[in-house]
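Here are the chains, one letter per residue:
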Amino acid sequence: MIDKGNLTAVVEEYLSGSNCFLVDLTVTPDNRITVEIDSAESVSIDFCADLSRHIEANLDRETEDFELEVGSAGLTAPFKILKQYEKNIGNQVEVLTCDGRKLRGLLKAATPEHFILEIEKQVKPEGAKRKITVQEALTFAYSEIKYTKYLILFK
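Everything numeric in this text was worked out from a predicted model, so none of it was measured. Along each chain, the written sequence defines residue order, and numbers are assigned to residues from 1. Local features are withheld for residues below a pLDDT of 70 in this predicted model, meaning they are given only at 70 or higher, and side-chain atom pairs are given and counted only at 80 or more; totals for whole chains, interfaces and linings count all residues. Excluding hydrogens and water, the side-chain figures rest on all heavy atoms present in the structure.

A. Examining the pattern of salt bridges more closely. Between Lys or Arg on one side and Asp or Glu on the other, a salt bridge is scored when a side-chain nitrogen of the former is within 4 Å of a carboxyl oxygen of the latter. Scanning the model with the defined rule gives 11 salt bridges in all. In this structure, Asp38 engages Lys87 in a salt bridge whose closest nitrogen and oxygen atoms are separated by 2.9 Å. Of this pair, Asp38 sits in strand β2 (residues 32-39) while Lys87 sits in helix α3 (residues 82-87), and the two are 49 residues apart along the sequence. Under the relative-accessibility criterion, Asp38 is labelled buried at 8%. Put simply, Glu136 and Lys121 hold a salt bridge, and the shortest N to O gap is 2.9 Å. In this pair, Glu136 sits in strand β7 (residues 132-141) while Lys121 sits in strand β6 (residues 114-123), placing the two residues 15 residues apart along the sequence. What makes Glu136 partly exposed here is its relative accessible area of 27%. Classification of Lys121 by relative accessible area gives partly exposed; the value is 36%. Three or more residues joined by partner-sharing salt bridges are found here, namely Asp24, Glu36 and Lys80. For helices the rule is a DSSP run of H or I covering at least 4 residues; for strands it is a run of E covering at least 2, with both sets numbered from the N terminus onward. Note on exposure labels: buried denotes an accessible area under 20% of the residue type's maximum, exposed denotes more than 50%, and partly exposed covers the range between, all computed with a 1.4 Å probe on protein chains only.

Right, dumping it as structure tokens:
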């Protein structure tokens with residue numbers, strides 16, 4: 001079986017001179033390799049193809065046969081690593097918490113321990129006739145959520 005640690009080093013070496021970063025790398029027991037990358041801007045097909053060729057050049061098909069897939073993280077795929085949270089600060093996201101709440105709001109900050117989501121909610125002040133919209137900042141540990149993903153809005 002192909003060593004995931006060595007393969008990760010090969011990918012990280014190639015990505016070190018670019019604005020791309022590794023999101024996920026999987027190697028199944030039958031040597032199906034999936035490499036998922038992302039970037040602060042965009043990931044081109046040419047870049048994925050070049051990375052694929054770099055990986056193939058560092059593996060020996062004579063020793064072990066493998067299947068390789070290199071692609072970018074999907075626009076609406078759940079975030080997997082901190083860098084994806086960091087690149088989406090200031091964007092609208094959807095969060096599904098472990099207790100089943102689905103929230104939509106603005107991603108305000110992300111640290112290795114938690115992230116902050118600013119939501120709008122309707123509140124009726126005491127003595128008022130109508131509800132008003134207020135902003136509320138909610139802090140979540142990553143262990144408290146099932147997923148966070150970029151929210152595409154059509155205006």
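That covers the picture; the talk isn't over yet.
B. Geometry of the nonpolar core. Within the largest apolar cluster, 19 residues are counted, with the highest numbers of intra-cluster contacts made by Val11, Leu15, Ile33, Val35, Ile37, Leu51 and Ile55. Breaking this core down by element, the ones donating at least two residues are α1 (4-15), β1 (20-27), β2, α2 (45-57) and β3 (67-72). Only heavy atoms enter the contact rule, under which two residues are in contact if any of them lie within 4.5 Å. Those residues in contact with Ile33 that lie beyond four places of it in its chain are Ile2, Leu7, Thr26, Val27, Leu59, Phe66, Glu67, Leu68 and Glu69. The term nonpolar core refers to a set of buried residues drawn from Ala, Val, Leu, Ile, Met, Phe, Trp, Tyr and Cys, joined through side-chain atoms within 4.5 Å.

C. Structural view of the pairing of β2. When you tally the buried positions in β2, you get 6 out of 8 residues, the bulk of the element. Here a strand pair is declared whenever DSSP counts at least two bridges between the two strands. Note: β1 against β2, 7 bridges, orientation antiparallel. Following the sheet pairing, Asp24 is matched in β2 by Glu36. Linkage of β1 to β2, two consecutive antiparallel strands, is achieved through a turn of 4 residues, within which Asn31 is found at a positive phi near 65°. Of the strand pairs in this sheet, β2 and β3 are connected by 6 bridges, and their pairing is parallel. Counted as the bridge partner of Glu36 is Gly71 from β3. Regarding topology, α2 serves as the crossover connection from β2 to the parallel β3, and that connection is right-handed. A clockwise path from the first strand over the helix to the second, with the strands pointing away from the viewer, defines a right-handed crossover.

Shape descriptors only; they carry no functional weight alone.
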